[in-house]
Amino acid sequence: MQRFPSQNLRTPGPTPIPSDIVEAMTNPMINHRGPEFDTLLNKATEQLKQVFMTKNDLFILTASGTGSLEASIVNTLSPGDRVIAATAGAFGDRFVDMVEAYGADVKRMDFDWGGPIDPDDIRKALQAEPDIKAVLVTHNETSTGVTHPVEDIAKVVKGEFDKLLLVDAVSSLGCIPLPVDAWDCDMVGTASQKGFMIPPGLSFISVSERAWKAQQTAKMPRFYFDLSMAKSYLQTGQTPFTPNLSAMYGLSRALDVLLEEGMENVFGRHHTIAQLTRDGARDLGLELLVADEAYASNTVTAIKVPEGVDQKALMGKMRTEHNVVLAGGQGRMSADIFRIGHLGAVAKEDITEVMDALKIVLPEVGFNP
Ligand SMILES: *Cc1c(COP(=O)(O)O)cnc(C)c1O
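Summarised in this report is the structure supplied together with it. Remember, predicted model here, so these are calculated numbers, not experimental data.

Conventions adopted
Residues numbered from 1 in each chain as written. Predicted model: local features only at pLDDT ≥ 70, side-chain atom pairs only at ≥ 80, totals over all residues. Heavy atoms only, no water. Helix = DSSP H or I, 4+ residues; strand = E, 2+ residues; numbered from the N terminus. Rg over C-alpha atoms; globule rule 2.2 N^0.38 Å. Buried < 20%, exposed > 50% of the residue type's maximum accessible area, 1.4 Å probe, protein only. 1 Å grid on protein atoms, 1.4 Å probe; cavity = no way out; pocket = protein on both sides within 12 Å on 5 of 7 lines; lining within 4 Å. Points joined across faces, edges and corners; volume = space filled by probe spheres on them. Nonpolar A, V, L, I, M, F, W, Y, C, P; charged D, E, K, R; others polar. Core = buried A, V, L, I, M, F, W, Y, C linked by side-chain atoms within 4.5 Å. Domains from an automatic or database assignment. Contact = heavy atoms within 4.5 Å.

Next up on the list: the overall build of the protein chain. In terms of regular secondary structure, the protein chain is built from 13 helices and 14 strands. For 369 residues, the compact-globule estimate of 2.2 N^0.38 gives 21 Å, and the protein chain sits close to it at 21 Å. Overall, the protein chain is about 60 × 55 × 35 Å in size when its C-alpha atoms are taken along their principal axes. Here the protein chain, with 369 residues, has 59% of them falling under the buried criterion.

For the rest of this paragraph, the subject is empty space enclosed by the protein. Within the structure shown, the criterion is met by two cavities of 30 Å³ or more. The volume enclosed by the largest cavity comes to roughly 170 Å³. Lining the largest cavity we find 17 residues, and of these Ile60, Leu61, Ala230, Thr239 and Pro240 sit closest to its centre. In terms of residue count, strand S2 (residues 57-62) provides more of the lining of the largest cavity than any other element does, four residues in total. A breakdown of the residues in the lining of the largest cavity according to their chemical character gives 12 nonpolar, four polar and one charged.

Right, let's get into the nonpolar core. Grouped together as the largest cluster of nonpolar side chains are 85 residues, with contacts concentrated most on Phe196, Leu227 and Leu251. Among the elements that take part in this core, helix H10 (residues 245-261) stands out by supplying eight residues, more than any other. Domain assignment of the residues forming this core places at least three in each of domain 1 (8-14 + 263-364) and domain 2 (20-259). What Leu251 contacts, discounting residues up to four positions off in sequence, is Ala44, Leu48, Ile60, Phe196, Ile198, Leu202 and Phe204. Counting residues in hydrophobic clusters, the runner-up holds 25 residues, among them Leu286, Val305, Val309 and Leu314.

So this is what it looks like as structure tokens:
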């Protein structure tokens, strides 16, 4: 088979995989109903709880991140339930689409792309409609590079109104602090190919006591993502369905690496590198999409395509002439921005390389600040 050359892959997922994790994934297949898998699954689950900062139940699902988000919906809600879904980007929109597809009665709350979700607006909406059952939010909006104030949102949703809080943390968990128990989040979903430095194919989800209570009466159809099945199988050291074993081997190694570095250090590294990215872009004369630094994401930075510059030409030259793979925009911002991912196994040099290449390519595509 053709081998793809290694690139400076700066997409906000999938992210590059360190060689020792690649090596771990070459382990032979084992019986997923045998004792080796029992040990592997239990250790990884306990370590993931440390990363999630939770004592809640936690499950490893063989699915991309969207699987965990679908699980959060179908395990807590019934068709016709009134829910708030707040969105300020493509992934917020997708969460809206998902919960609508399962028949919820959605109060969609739109916020500016590039800005944060406002907890005060959520408070007003909850005050106006006491029958709201759940609030759905994205922690880190990957399409715009905004980290929403989930701590403050949780204070409103949980502290003041005691509603269910479902969180898409696909591009933040393990990179940006999201202490699940301290913030009292009911369901938090994330995925393997972002902060966890392994290939796509696994997603992780934490489930609070309150969410389990909701599960007992939740009537949305579910089978593959029925977490009561995952729970009973986990008690026997198994998953209900065949797990992605190779990714599990990688996960096992990745969790050792993350916990060895220490989560505080991992968060600090992401912060430092994100700052380097933002400062580097501004130094080149570029404008960031997120005007208020307080909400700028530490995992992905969105940069406005300068007037007169062809975004496709810029990204093409970066890839073919400098081996740097950038991401375009998404949804209605597809052509307006380009994005630099800086999550997972990322070091300062990766970003320096991006900035050095941009410095050469930008004038070539007509940017003269
Ligand atoms: C990547 C991403 C997703 C989608 O995850 P998949 O693994 O592609 O299913 C959802 N939400 C956010 C915030 C993401 O960054």
